[in-house]
Amino acid sequence: MDHPAMQRALFLFNHDAPHQVAHLARIAAKLAKNDAGIAVIVAYATPSLRNHVENAIGTETAKTVTWVELKLRGVIGTLANIGDRLFPASRLLRLRRYADLFESCDVIVSSERTFLRIKRHIDPAKSPLFVKIPHGAGDRAVTFHRDNTRFDLLLVSGGKFRDEFISAGVAPEKIAVVGYPKFEGIDLSRRQEFFDNGNPTFLYNPHFDPHLSSWYDAGPDLLRWFASEEGQTFNCIFAPHVMLFKKKWHFSPEHRRLRAAPPVPPEVRGAANVLIDTSGPRLFDMSYTLSADAYIGDASSQIYEFLVRPRPAFFLDIADAVRTERAQPPAFQQTGPVARSLAELTAKLTAFESIGAQYRSAQQELVDRTFDLSEVPSSQRAANAIIDLLKREGA
């Protein structure tokens, strides 16, 4: 049992999929080994998420933390399951249902902005500190939402984010540059062969947001093109954001748009040069982003995990939705051609190597601004920043 004087740090994994685990779990592991008198609690949404966290931190470290499953039982659980078809009902209800647990902690660490809603359900006089680490390195408008000014600490991967958050009104003292914990334990030079034909491999990685994603209007036809005679000179790994096929309908709260996600075309599934993975573990461990020769995407932050080794990149932004989401086009659109139609995109792919070479220096410059890596592991830098926050605020 924890000593009464120990401070309590809760790491919140409140999601339907494990894509955020790699950004957060190792920080919890480092903090669990601290000698600063801090007890670590891991609160998780599902047993599957707990398994992913345990795999990330190791069996011995897992024994040193307190585990709390955020179950929703009875009528509340039933209503949440129904609501989840259109919006994250379960996630929101967990924040209300477990308010007492959150109020008992000194700091809560999570990788998504919605956990600020906890503040609605607890006594302000007993409020813990709120720490966020973004689950990715992208440039979407939601990344720099005004709610970020309400966190006590933001743990960011590099100077790009520090500068952006300061411009968005976040006080500099509330930002700590810590690197990118997801990279830990991954050989960034690794490359796996997923095809045996020797042809160049493209990774198609669309987002799920119905306003920004290329999947809804062009994605199925892009897969058909790769499976066609013309596209047979290439391979394609179709590895979308894991949430794309978690449900049929997707609603974008930022853009007020609801759309049904079209299915993967049946005729593509048998193509020898197309690999389809919509839910497997390789979506989360960088297997595909490290192994592909070139990238096709739209709004996903995985472009940065691909560009950690600069290579050709292409963007499909048919309605200019991604380019115009913010006052300035997203920085990643400087790293490769932006196509407004499928025909425009496929016409460029044959020359992908020479086109990629034109953007190589811009890619490397942006990667250097995005990821501030050092000999000190990113998770340790993040744990140190949380300890410093607790000391500074006297929580």
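Residues numbered from 1 in each chain as written. Predicted model: local features only at pLDDT ≥ 70, side-chain atom pairs only at ≥ 80, totals over all residues. Heavy atoms only, no water.

Draft legend 1. Layout of the overall build of the protein chain. Of the regular secondary structure elements, the protein chain holds 14 helices and 15 strands. Overall, the C-alpha framework of the protein chain stretches about 70 × 50 × 40 Å when taken along its three principal axes. Taking all 395 residues of the protein chain together, 56% fall into the buried category. Summarising the internal contacts of the protein chain: among those between residues at least 6 apart in sequence, 66% fall at separations of at least 24. Put simply, the protein chain shows about 17100 Å² of open surface, and 49% of that area lies on carbon and sulfur atoms. (Helix = DSSP H or I, 4+ residues; strand = E, 2+ residues; numbered from the N terminus. Buried < 20%, exposed > 50% of the residue type's maximum accessible area, 1.4 Å probe, protein only. Contact = heavy atoms within 4.5 Å. Areas by Shrake-Rupley, 256 points an atom, 1.4 Å probe, with all protein chains shown as cover.)

Draft legend 2. Just the packing of aromatic side chains, in detail. Counting across every chain of the model gives 22 aromatic pairs. Judged by centre distance (6.0 Å) and plane angle (45°), the ring pair of Phe202 and Phe226 falls under tilted. Placement of the pair is Phe202 in strand S8 (residues 201-205) and Phe226 in helix H8 (residues 215-227), with a sequence separation of 24 residues. Take Phe202 and Phe226: they sit in the same class, and that class is buried. Consider the rings of Trp225 and Phe226, whose centres lie 5.1 Å apart with planes at 75°: the pair is edge-to-face. What makes Phe226 buried here is its relative accessible area of 0%. In this arrangement the basic side chain of Arg97 is found over the ring face of Tyr98, its NZ or CZ atom lying 4.6 Å from the centre. Sitting over the face of the ring of Phe306, Arg311 holds its NZ or CZ atom 3.9 Å from the ring centroid. (Phe/Tyr/Trp six-rings, centres within 6.5 Å; stacked < 30°, edge-to-face > 60°. Lys NZ or Arg CZ within 6 Å of the ring centre and 35° of its normal.)

Draft legend 3. Quick look at the pattern of salt bridges. Going through the model one piece at a time under the given rule, you end up with 17 salt bridges. Glu60 is paired through a salt bridge with Lys63; the nearest N and O atoms lie 3.4 Å apart. The same class applies to Glu60 as to Lys63, namely exposed. Measuring nitrogen to oxygen at the nearest pair gives 3.0 Å for the salt bridge that ties Lys182 to Glu305. You can see Lys182 sitting in the loop between strand S7 (175-177) and S8 and its partner Glu305 sitting in helix H10 (residues 302-307), a full 123 residues away along the chain. Judged by its relative accessible area of 2%, Glu305 falls in the buried class. Overlapping salt bridges, with partners in common, bring together Arg113, Asp147 and Arg150 in one network. (Salt bridge = Lys/Arg side-chain N within 4 Å of Asp/Glu carboxyl O.)

Draft legend 4. Representation of the sheet that holds strand S13 (residues 294-297) in the model. Taking strand neighbours across the sheet as the criterion, the 6 strands line up as S12-S9-S8-S13-S14-S15 in an open arrangement whose pairing is parallel. The sheet is open, and its two edges are formed by strand S12 (274-276) and strand S15 (338-339), each paired on a single side. Both strand S14 (residues 313-316) and S15 contribute to a ladder of 2 bridges, which runs parallel. By the bridge assignment for S15, Phe315 is matched with Val338. (Pairing = 2+ DSSP bridges.)

Draft legend 5. Expanded view of the packing of helix H4 (residues 74-83) against helix H5 (residues 89-97). Where H4 contacts H5, the two axes come as close as 7 Å, and the packing angle between them is 145°. Counted together, Ile76, Ala80, Asn81 and Gly83 of H4 and Ala89, Ser90 and Leu93 of H5 form the full contact between these two elements. Along the lines of polarity and charge, the residues of the contact of H4 with H5 split into 4 nonpolar, 3 polar and no charged. (Axes fitted to C-alpha atoms, helices over the stretch in contact; angles between N-to-C directions. Nonpolar A, V, L, I, M, F, W, Y, C, P; charged D, E, K, R; others polar.)

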